[in-house]
Amino acid sequence: MHKHRRNRMRLYLWGAVGFAVLLFLMLFSVSQGFMHIPIKDSAVIIMKWLGLFHNTEMPKIETAIILDVRLPRVLGAALIGGSLAVSGAVLQGILLNPLADPYTLGLSSGAALGASLGLVLPMFGIVIPHFFSVEVLAFLGAAGTLLAVLFIASTGNRLNNTNLILAGVIVSAILSAAIGLLKFIADEQVSVIIFWLMGSLSELDMAKLLILTCTAILGISVSIFFSRDLNIMAMGEKTASTLGVNIFRLRLILLLVTSLMTAAAVSFSGIIGFIGLIAPHIVRFVIGPDNRTLLPFSFLTGAVLLLSADTITRVYLPAEVPVGILTALLGGPFFCFIFRKSIKGLIK
Amino acid sequence: MSRGPLLYSLNNIDFSYNKKKVLNNICLQIPTGKFIGILGPNGSGKSTLLDILAGLHAPTSGKCELFGKNIKEYQALELAKLSAMMPQDFSVRFDFKVLEVIAMGRHPHLPRFAPLQSSDYELIEETMKLLDISDLAERNIRALSGGEQQRVALARVLVQTPKVLLLDEFSSNLDIYHTLTILKLLKGKINKNDLSIISAVHDINQAAVFCDELIFIKNGEIIAEGQTEEILSTEIIYEVYGVNAEIRYDSKNNKPYIIFNSELNI
């Protein structure tokens, strides 16, 4: 019993460390940029905005830069990174596949195509009902792609690991070509569509943050609600069924929720790959595979990863490189590493 | 077979998979409190029959009742408290610890967010001791040998504390020492814990010694069923497996054992 208590203390400690790192990184990130603002001043500006601090008068320009430009982007990076990471962890759990994430399964491309259609079709006079906003189309694109990938990869009622990723890559390639075609047709809007293909956090504002916050809270709550069922899924479908897990319902609900989180992330940031793959693997390595802790820690880790990557592209690289390029450059080799391990049977 | 209160009642069960008939007109009355062995050649439908009993597949036609109630009508968690299954290919994705895997067997008994209680831990520790795996508690499940994994899988179904245990060739990777100790342990549990066991068995000699009753199945049909001593015969073995065998009896306990003739009549 003592050992179990010690394990719990260790988790709280890791949680506190992770949260502190994320907060510090956010503060550090808002103070960095073309105009350097000392961390102390950034902290005061944010605390004033939160209503925790009243006395000091801060310069207007700095306040505007932090509150209107950098803070939405920093918060957005954390929310998007966290949402993608939780989506990845959940997809890996329900599909029993360590290589699954919104990017490798083609969800991100599906959402991007949906979003691009939402923008391009009206340009050709095709009227889209008001209800089908860009975000809703992104969701339909993500969910539709997921269904297509699952359908292509399934033989009988079994899902093969490699088939699933192959199907994801193939569908993703087709969707990217379709986005390319849209880009070709819709000359003037090219910059917007390229943004979706490459992934960038430069277009975030407070209204988008509100939607992101809602989808993230909904997604992570539902996922954590089913976290014990996700653990049991690791023993395979048969065993999970005989332990009372309703696999069909579990998969349906969690696939919907991950599609929703991915769609929100992609509508506002474009395709950002591999965060959903890397974050859960880091957490499993450090803390273990129990989904009750894996999911919240994946959120923290994904947030820290994407925020770091975005801060690097925004502040340190000479020209602002879309962050999706950086995550793909760093995440691609990581994918190869996990893939090698899974071929060798270390991760089955 | 109609001794003791009824555990399962199967009426005219057919099951087809991909348009191929796997089970054909299965009728069985299975009593409680027995160790029942299902025997038959590869691909005869043993595992499918177990899946039907576990409620994993709905029969294409016919009815499967557990304790007098159609198995379809049980809630998933309710059924998980009554029956537990150890599938043939037990493997775990991701690096869970042995203790975590076994603890998952408590899932049907715990409210959604409830942590394991001290009574759960006691049950888990006791079961691990019985199966000789206490030392493995903190080990990574995927780093274990096949035999160790099989004992972990067995511990996992035992802590589920079901009324009926469905086993699919649980001893295929076990050495003879562990096979015998576990068979003895399971026999003891039948009497002590009001348990029934239905197991697909590969080894006829094992079945002859430990099973109270046998069900012989071939091409999805039941060839014979009944008390072990009554139905075990060279004719049945020849009919089911197509091999010549000789049945002898142990002079000490009068249990049958089978010797196979290496010259096959092909």
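One structure accompanies this document, and this report is about it. Computed from a predicted structure; not experimentally measured.

**Focus on the overall build of chain A**
Looking only at helices and strands, chain A features 14 helices and two strands. Relative to the globule expectation of 20 Å for 348 residues, the C-alpha radius of gyration of chain A, 21 Å, shows essentially globular dimensions. With the principal axes as the frame, chain A shows a C-alpha extent of 65 × 65 × 35 Å. By residue count, 48% of the 348 residues in chain A fall in the buried class. Residue pairs in contact within chain A that sit at least 24 positions apart in sequence constitute 76% of those at least 6 positions apart.

**Examining the overall build of chain B**
Assigned secondary structure in chain B consists of nine helices and twelve strands. With respect to the principal axes defined by its C-alpha atoms, chain B has extents near 55 × 40 × 35 Å. Across the 266 residues of chain B, 39% fall into the buried class. When contacts within chain B are restricted to residue pairs at least 6 apart in sequence, those whose partners lie at least 24 apart make up 65%.

**Details of the nonpolar core**
One finds I275 and L306 of chain A together with L53, I102, A155 and L166 of chain B to be the most contacted residues of the largest nonpolar core, which totals 167 residues. Counting residues per element, this core draws most heavily on helix 3 (residues 60–94) of chain A, at 14 residues. I102 of chain B has contacts with I124, M128, V152, A155, R156 and V159 of chain B, leaving out every residue within four places of it along the chain.

**Some details on unusual backbone geometry**
Residue L96 of chain A is not a glycine yet carries a positive backbone phi of 55°. Here L96 of chain A is to be found in the loop between helix 3 and helix 4 (107–123). Of the residues examined, L96 of chain A has 21 C-beta atoms within 10 Å and is grouped as buried. A positive phi is found at E169 of chain B, a non-glycine position, where the angle reads about 45°. Along the chain, E169 of chain B falls in the loop between strand 7 (164–168) and helix 6 (176–193).

**Here's the deal with the sheet that holds strand 3 (residues 35–39) of chain B**
All names here are of chain B. In space, the six strands of this open sheet follow the order 6-7-8-3-9-10, with mixed pairing throughout. The outermost strands of the open sheet, each flanked by one partner alone, are strand 6 (83–86) and strand 10 (221–227). This sheet shows a mean twist of 15° between the axes of neighbouring strands, independent of strand direction. Sheet strands in contact with helix 5 (residues 146–158) are strand 6 and strand 7, and its direction is about 175° off that of strand 6.

**Regarding the packing of helix 3 of chain A against helix 12 (residues 275–286) of chain A**
Packed helices, taken two at a time, are described by their axes: the angle between them and the distance between them. Residue and element names in this part refer to chain A. Across the interface, helix 3 lies against helix 12 with an axial gap of 7 Å and an inter-helix angle of 75°. Taken together, the axis directions place helix 3 and helix 12 in an arrangement best described as roughly perpendicular. Residues G81, L84, A85, S87, G88, A89 and Q92 of helix 3 touch helix 12, and the partners they reach there are I275, G276, L277, A279 and P280. Taken together, the residues that form the contact of helix 3 with helix 12 break down as seven nonpolar, five polar and no charged.

**Some thoughts on helix 6 of chain B**
Here helix 6 of chain B spans 25 Å end to end across 18 residues, near enough to the 26 Å set by a 1.5 Å rise per residue. With its phi angle positive at about 60°, D194 of chain B sits one or two positions after the end of helix 6 of chain B.

**A closer look at the pairing of strand 3 of chain B**
Residue and element names in this part refer to chain B. Strand 3 sits mainly inside the fold: five of its five residues count as buried. A two-sided burial pattern is seen for strand 3, the buried positions comprising F35, G37 and L39 on one face and I36 and I38 on the other. Here strand 3 runs beside strand 8 (residues 196–200); their pairing, made up of four bridges, is parallel. Note that in strand 8 the partner of G37 across the bridge is S199. In this sheet, strand 9 (residues 213–218) lies alongside strand 3 in parallel orientation, the contact comprising four bridges. Among the inter-strand pairings, I36 is bridged to a residue of strand 9, identified as E213.

**Observations concerning the environment of S145 of chain B**
In this fold, S145 of chain B is placed in the loop between helix 4 (118–130) and helix 5. Spatially, the C-alpha atoms of S145 of chain B and L77 of chain B are 31 Å apart, while their sequence positions differ by 68 residues.

**Quick look at the sheet that holds strand 5 (residues 69–70) of chain B**
Each strand in a sheet pairs with its neighbour through backbone hydrogen bonds, running either in the same direction (parallel) or in the opposite one (antiparallel). Residues and elements named next belong to chain B. One open sheet accounts for four strands, arranged 2-1-4-5; its pairing is antiparallel. Strand pairing shows two members of the sheet lacking a second neighbour, strand 2 (20–31) and strand 5, which therefore form its edges. Pairing of strand 1 (residues 6–17) with strand 2, which is carried by eight bridges, proceeds in the antiparallel orientation. Directly across from Y17, in strand 2, lies its bridge partner K20.

**Some points on the interface of chain B and chain A**
Note: interface size is frequently given as the accessible area lost on complex formation between the parts. Contacts between the two partners involve 23 residues from chain B, matched on the other side by 20 residues from chain A. Those elements giving two or more residues to the side of chain B that touches chain A turn out to be helix 2 (76–82), strand 6 and helix 4 of chain B. The element contributing the most residues to the side of chain B that touches chain A is helix 2 of chain B, with four residues. When the residues that make up the side of chain B that touches chain A are grouped by side-chain class, the tally is 15 nonpolar, four polar and four charged.

Criteria and cut-off values
- Residues numbered from 1 in each chain as written.
- Chains lettered and ligands numbered in written order.
- Predicted model: local features only at pLDDT ≥ 70, side-chain atom pairs only at ≥ 80, totals over all residues.
- Helix = DSSP H or I, 4+ residues; strand = E, 2+ residues; numbered from the N terminus.
- Rg over C-alpha atoms; globule rule 2.2 N^0.38 Å.
- Buried ≥ 20, exposed ≤ 12 C-beta atoms within 10 Å, placed from the backbone.
- Contact = placed C-beta atoms within 7 Å.
- Core = buried A, V, L, I, M, F, W, Y, C linked by C-beta atoms within 7 Å.
- Pairing = 2+ DSSP bridges.
- Axes fitted to C-alpha atoms, helices over the stretch in contact; angles between N-to-C directions.
- Parallel < 35°, antiparallel > 145°, perpendicular 65-115°, else oblique.
- Nonpolar A, V, L, I, M, F, W, Y, C, P; charged D, E, K, R; others polar.
- Expected span 1.5 Å × (residues − 1).

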